[in-house]
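Residue-level listing of the chains:
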Amino acid sequence: MTDTTLADATIAPAKPATKPARPYFSSGPCAKPPGWDAAKLADATLGRSHRSKIGKQRLQYCIDLMRELLQLPDTHRIGIVPGSDTGAFEMAMWTMLGARPVTALAWESFGEGWVTDAVKQLKIDPTVIRADYGQLPDLGQVDWSNDVLFTWNGTTSGVRVPNGDWIADDREGLSFADATSGVFAYDLPWDKIDVATFSWQKVLGGEGAHGVLILGPRAVERLETYTPAWPLPKVFRLVSKGKLAEGVFKGETINTPSMLAVEDAIFSLEWAKSLGENGLIARSDANAKALDEIVAARDWLGHLAAEPASRSTTSVCLTVDAEEAVIKKMVSLLEAEGAAYDIGGYRDAPPGLRIWCGATVDTADIVALGPWLDWAYATAKAA
């Protein structure tokens with residue numbers, strides 16, 4: 001490999017010889033599982049009603065796979081709902097909040113979005129505990145007599161809660177976990193989570209538009225004993241005649257799902273089942289470790305998440321010692337070369353890079369990315 005000396009004395013390395021085999025590092029929709037091919041998706045449900053026998057069977061099978069992989073107890077319901085993770089979390093907020101005081105934790109843009117919904121849309125006055133991007137708020141401040149809203153893994157900040165120890169066993173309120181970039185990447189304590197939401201497009205590498213809503217028994221009790229003061233859109237209604245609409249959690253979706261997206265999710269879940277949840281977690285951890293080694297070897301790269309214990313192993317957010325224009329140039333150079341797609345930081349986050357390290361990414365591709373980051377940085381700086 002040769003270096004080229006530029007007029008401003010910046011040394012620009014030659015383009016690396018090896019590119020990531022799958023340069024898909026977007027934080028959603030994320031990389032497809034290794035070996036994915038559209039031709040491998042089952043197609044018997046395409047062109048059929050989701051309420052046909054086979055449609056219901058496949059939706060139920062998808063739910064069963066999620067339950068098995070997550071080792072969810074029978075006490076927890078799993079429903080496929082509209083609107084991706086956002087729709088699932090808003091469904092939970094609209095149907096269950098208002099029964100008791102609310103605490104909302106916000107350390108990135110989606111957490112701030114739930115604050116906005118609570119204040120401006122639902123007109124409740126939550127206690128808000130905030131932290132800047134890269135930081136985690138003091139979880140010890142949380143009053144568990146309240147319902148508590150939080151993101152398990154902050155997709156736009158790269159900051160996660162380290163575990164569930166801070167969630168009180170004797171809580172009076174419900175714990176609402178937006179876990180979209182955490183489910184299947186961490187060993188979640190389901191006894192601590194009353195409501196969890198996620199979408200297939202994250203750790204599973206599935207398609208968007210559909211969300212998953214998981215309800216523990218305390219959440220079901222809330223739904224059956226409390227009626228919100230505000231009107232509920234049809235796509236949010238989980239109760240009929242005072243009882244949980246159990247069909248929603250048996251594949252009888254509220255609105256029409258994409259059966260192609262369902263088959264895609266089933267493909268991903270069957271791949272995930274071959275590894276087991278521990279295998280998925282191990283792949284994410286290995287990817288994050290490989291990226292951490294890249295960061296440690298470069299004085300111009302850093303982690304936005306300051307504390308390793310609360311640093312995401314999926315949506316890893318990096319700082320770059322450069323102006324925003326240089327960072328944007330890096331991102332466009334890497335995309336043009338087919339070396340890395342969609343690695344710019346989230347629009348509301350501090351300027352930087354965001355590299356998905358979930359289980360569908362191969363560690364060898366993270367390793368191959370390192371020299372390309374060097375090339376893009378030097379080239380963008382020179383420009």
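Each remark here, short or long, concerns the structure printed above.
Conventions adopted
- Residues numbered from 1 in each chain as written.
- Predicted model: local features only at pLDDT ≥ 70, side-chain atom pairs only at ≥ 80, totals over all residues.
- Heavy atoms only, no water.
- 1 Å grid on protein atoms, 1.4 Å probe; cavity = no way out; pocket = protein on both sides within 12 Å on 5 of 7 lines; lining within 4 Å.
- Points joined across faces, edges and corners; volume = space filled by probe spheres on them.
- Helix = DSSP H or I, 4+ residues; strand = E, 2+ residues; numbered from the N terminus.
- Nonpolar A, V, L, I, M, F, W, Y, C, P; charged D, E, K, R; others polar.
- Pairing = 2+ DSSP bridges.
- Axes fitted to C-alpha atoms, helices over the stretch in contact; angles between N-to-C directions.
- Contact = heavy atoms within 4.5 Å.
- Salt bridge = Lys/Arg side-chain N within 4 Å of Asp/Glu carboxyl O.
- Buried < 20%, exposed > 50% of the residue type's maximum accessible area, 1.4 Å probe, protein only.
- Patch = residues over 30% accessible without salt bridge, like charges linked within 9 Å, V, L, I, M, F, W, Y side chains within 5 Å.
- Areas by Shrake-Rupley, 256 points an atom, 1.4 Å probe, with all protein chains shown as cover.
- Lys, Arg positive; Asp, Glu negative; His and termini not counted.
- Charge placed at Lys NZ, Arg CZ, Asp CG, Glu CD.
- Polar contact = N/O pair within 3.5 Å; in protein donor to acceptor, adjacent residues only side chain to side chain.

Novice: Can you lay out the layout of surface pockets for me, pointing to particular residues and giving the numbers?
Specialist: Leftover empty space is mapped by rolling, across the atoms, a probe with the size of a water molecule. In this structure, the largest pocket occupies an estimated 300 Å³ of space. Ser27, Phe110, Thr155, Gln201 and Lys202 are the residues nearest the centre of the largest pocket, which is lined by 21 residues in total. Take the lining of the largest pocket: its biggest share by element is three residues, from helix H2 (residues 84-96). Of the residues contributing to the lining of the largest pocket, the split by class is two nonpolar, 13 polar and six charged.

Novice: Describe the sheet that holds strand S6 (residues 147-151), naming the residues involved and giving the relevant values.
Specialist: Taken in spatial order, the seven strands line up as S3-S11-S10-S9-S6-S4-S5 in an open sheet, and their pairing is mixed. Where the open sheet ends on each side, the last strands, each with one partner, are strand S3 (77-82) and strand S5 (127-130). Each strand of the sheet is rotated relative to its neighbour by a mean of 20°, with strand direction disregarded. In this fold helix H4 (residues 217-225) packs onto S3, S6, strand S10 (195-199) and strand S11 (210-215), with an angle of close to 95° to the strand it touches most, S11.

Novice: Any chance you could break down the pattern of salt bridges for me, citing the residues and the numbers?
Specialist: Applying the stated criterion to the full structure yields 18 salt bridges. Measuring nitrogen to oxygen at the nearest pair gives 2.7 Å for the salt bridge that ties lysine 289 to glutamate 293. Taken together, the residues span about one helical turn, with lysine 289 and glutamate 293 both in helix H5 (residues 259-296) at a distance of four residues. The class for glutamate 293 is partly exposed, based on a relative accessible area of 47%. Residues arginine 311 and aspartate 292 are paired through a salt bridge, measuring 3.7 Å at the closest nitrogen-oxygen approach. You can see arginine 311 sitting in the loop between strand S14 (301-303) and strand S15 (315-320) and its partner aspartate 292 sitting in helix H5, a full 19 residues away along the chain. Under the relative-accessibility criterion, arginine 311 is labelled buried at 16%. A network of salt bridges, in which partner residues are shared, links Arg22, Arg283 and Asp362.

Novice: I'd like a description of a positive patch on the surface, backed by residues and values.
Specialist: Taken together, the side chains of Arg51, Lys56, Lys234 and Arg237 present a region of like positive charge at the surface. Summarising the element assignment, lysine 234 is placed in the loop between H4 and strand S12 (239-240). Assessed through its relative accessible area of 61%, lysine 234 is described here as exposed.

Novice: Account for the side chain of aspartate 85, with residues named and values stated.
Specialist: Position of aspartate 85 among the secondary structure elements: in helix H2. Although aspartate 85 is buried, it forms no salt bridge, and the closest oppositely charged side chain is lysine 202 at an N-O distance of 7.7 Å. Within the local environment of aspartate 85, its side chain forms a polar contact with the side chain of threonine 197, the two groups lying 2.7 Å apart. From its side chain, aspartate 85 meets the backbone nitrogen of phenylalanine 198 in a polar contact 3.3 Å long.

Novice: Could you give me a rundown of the sheet that holds S14, with the residues and numbers involved?
Specialist: Strand order across the open sheet formed by three strands is S14-S15-S16, with antiparallel pairing between neighbours. Looking along the sheet, the strands with just one partner apiece sit at the ends: S14 and strand S16 (353-356). The mean inter-strand angle of the sheet, taken between neighbouring strand axes irrespective of direction, is 35°. Bridge count for S15 against S16 is four bridges, and the pairing is antiparallel. Considered in S16, the bridge of serine 315 is made with tryptophan 356. Strand contacts of H5: S14, S15 and S16, with the helix running at about 130° to S14, the strand carrying the most contacts. Packed on one face of the sheet, helix H7 (residues 363-382) meets S14, S15 and S16 and runs near 165° to S16.

Shape is all these values report; function is a separate question.
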